[in-house]
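Residue strings, one per chain:
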Amino acid sequence: MAGKAQVLYDFTAEPGNNELSVQEGEVLTITNQNVGGGWVEARNSRGDVGLVPEDYIELNPSSSNAVTTQYNNAYNPAHNNSSANTQGVNGNEALTATAWSNNSSADNWNYNEQEPAGNNGSVYSFDDEWDDDSDDGKSTAGYGGTQTEEGGTMQRGGAHPTMKIKFPGFSKTPNPEVYLLTKHIAKGNDTLPIYPGEVGPVWLYSQIQLDCVVADPKKGSKMYGLKSYIEYQVTPDTTNRPVNHRYKHFDWLYERLVEKFACALPIPSLPDKQVTGRFEDEFIKMRMERLQGWMSRMCRHPVISNSEVFQLFLNYKDEKDWKLGKRKAEKDETVGVKIFSIMDPELPELDPVQVEQKCETYSQFARSMDNSVKELLAVGNLHWKRCTGPLQKEYRQIGKAFQNMSSVFNTSGYPRESTLTEALTATGKTYEEIAEIVAGQPKKDLHFLMETNNEYKGLLGCFPDTIGVHKAAIDKVKEADHLVALNKISQQDKHTMEKNLSTMSYALQAEMNHFHSNRIYDYNRLMQFYLEEQVKFYETIAEKLKKALGQYTTM
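Residues numbered from 1 in each chain as written. Predicted model: local features only at pLDDT ≥ 70, side-chain atom pairs only at ≥ 80, totals over all residues. Heavy atoms only, no water.

Novice: Give a detailed account of the packing of helix α5 (residues 247-261) against helix α6 (residues 281-299), specifying residues and quantitative values.
Specialist: Contact pair α5 / α6: the axes reach a minimum separation of 12 Å and the direction vectors enclose 30°. By the angle between their directions, the pair α5 and α6 is classed as roughly parallel. Considering the relative orientation of α5 and α6, their crossing is left-handed. For the pair formed by α5 and α6, the contact residues are Y247, F250, L253, Y254 and L257 on the first element and R287, L291, W294, M295 and M298 on the second. Of the residues assigned to the contact of α5 with α6, the class counts are nine nonpolar, no polar and one charged. (Axes fitted to C-alpha atoms, helices over the stretch in contact; angles between N-to-C directions. Helix = DSSP H or I, 4+ residues; strand = E, 2+ residues; numbered from the N terminus. Parallel < 35°, antiparallel > 145°, perpendicular 65-115°, else oblique. Left-handed = near helix turned anticlockwise from the far one by under 90°. Contact = heavy atoms within 4.5 Å. Nonpolar A, V, L, I, M, F, W, Y, C, P; charged D, E, K, R; others polar.)

Novice: Now, about helix α9 (residues 319-330): what can you tell me, with residues and values included?
Specialist: Compared with the 16 Å implied by 1.5 Å per residue over 12 residues, the 16 Å span of α9 between its first and last C-alpha is a close match. Where the residues of α9 are buried, they touch β13 (243-246), α5 and α8 (308-315). (Expected span 1.5 Å × (residues − 1).)

Novice: For a nonpolar patch on the surface, give the residues involved together with the corresponding values.
Specialist: Residues L420, L549 and Y552 make up a contiguous nonpolar surface patch of roughly 270 Å² in combined accessible area. A relative accessible area of 31% means that Y552 is categorised as partly exposed. (Patch = residues over 30% accessible without salt bridge, like charges linked within 9 Å, V, L, I, M, F, W, Y side chains within 5 Å. Areas by Shrake-Rupley, 256 points an atom, 1.4 Å probe, with all protein chains shown as cover. Salt bridge = Lys/Arg side-chain N within 4 Å of Asp/Glu carboxyl O. Buried < 20%, exposed > 50% of the residue type's maximum accessible area, 1.4 Å probe, protein only.)

Novice: Can you explain the pairing of strand β1 (residues 3-7)? Please cite residues and give values.
Specialist: On β1, burial follows the alternation: G3, A5 and V7 on one face are buried, whereas K4 and Q6 on the facing-out side are not. Two elements, β1 and strand β2 (residues 27-36), share four bridges in a ladder whose sense is antiparallel. Residue A5 lies in a different strand from β2, and its bridge partner there is L28. Bridge analysis of β1 against strand β5 (residues 57-59) gives three bridges, and the strand direction is antiparallel. Residue pairing in the sheet places Q6 in a bridge with E58 of β5. (Pairing = 2+ DSSP bridges.)

Novice: Before we move on, could you go through the packing of aromatic side chains and cite the residues and values that matter?
Specialist: Counted according to the given criterion, the structure contains 15 aromatic pairs. Ring centres of Y232 and F250 lie 6.4 Å apart, and the angle between their planes is 80°; this geometry places the pair in the edge-to-face category. On the criterion of sequence distance, the pair formed by Y232 in strand β12 (residues 227-236) and F250 in helix α5 is long-range, its members being 18 residues apart. By the burial criterion, Y232 is buried, and F250 matches it. For the pair F448 and F529, a centre-to-centre distance of 5.2 Å together with 85° between the ring planes defines the contact as edge-to-face. Here the residue F448 occupies a position in helix α13 (residues 446-460), and F529 occupies one in helix α16 (residues 491-549), the gap between them amounting to 81 residues. Exposure remark for F448: the relative accessible area of 33% places this residue in the partly exposed category. (Phe/Tyr/Trp six-rings, centres within 6.5 Å; stacked < 30°, edge-to-face > 60°.)

Laid out in structure tokens, this is it:
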């Protein structure tokens, strides 16, 4: 039974990808709602049939329920035996929760419509296959995109309609009591030690720095050629053996890292998803560059780079190894605030007052740097637009004005005119060349300045949530005396909470010391590169102007 749907946003189809262009307000007939991966097959009023992103349309409720019921009866025998399978689930959710969908939590971008399932609230795939959903949803590319957080969700802004993405563990501030009252600290191979360093508490760093290369993007297809995707080759320098990953695999890794570490370590977002233009060379090049930046930053983190899930991503041997590792990672119970239970600082216990002071210092710095990074991005974005717009146009106009003057001088008939008119013409052409140099310069230097600051904007955007966990723990410890007086906890419980709060503080200090070390390295290297390119830029212009000057005779 076909259903009806109204188009919410304009969508332009990718050539050769079986997609259907639609316009806002258009009414479609749904011919196949079971495509999966955030797509549906639909027919417009002209009889054209193709794939449309399901987030771009609004299904007619009665039609949606009818299609869902028909699908569940046909493909989900358990549906006929238990009404619990669909209770409280809308049409899209029911389709997601079937074996046909095969989506893991990292593959579905409709997070606010999903209910957690499985261990630790994770949304697990109903199958181990990875070949039945799209790599991309709606988002933005380029500079100037914004990210805002409201009520525990993050909205990615940009040229396309946005989706709210629920952070695992951050739909609200995690309850720190789960860890604060833990009396037995885990020991063994999984322990995360924290050592006293020259700058304060530090993580354990490996002697050999891990890195990897993201390269060689190739286009593949699935669903009998109905859908296409880009696959990247990821090669760690420890093995030099490449493994292949699609964007959604990176997304799965990101979700696992957030779920496991985000209470203690800020995990920056991946480059945004995109529906249209995702197979264009420029977009693929930009995405690959940003995935490289994200992976390099993860490789530089001593905790993340040595984690089992990250090592799986870089070093899985074959498809079976990948699936087993994936399943194990999704069942990991040491997630959220429990991550602090495997941390073992070899340092004296801190007073709660010290803990609060440190936390506030870090919070203020992160907030101030975030504002500074956003200011630099705004200024850089404006300068980029001026270089490729008004400034380029002005230099062209100057060049054209000099050449016009040369043409006028040529009409004078004066016999000793040629040297001056030739020099004027050359000067005009020089300014036209300068116009092109000015327009092309941002790609040579400002691009890298903007990319690095975009990385830090994403990283700093994680700090409020991470620090919020620590502030919630501080508040709980402050309540300890009152709870002891009410006989709700014992003095021993209070001491356990203070000791564990101390461990949390050392983890935050170690992370901030890692952040500062990377910040100094990144900006020192970045500013050297930027200024070197600026020097070359102005030297090139100066040489061209000197050459033009040399064509004028001294009177």
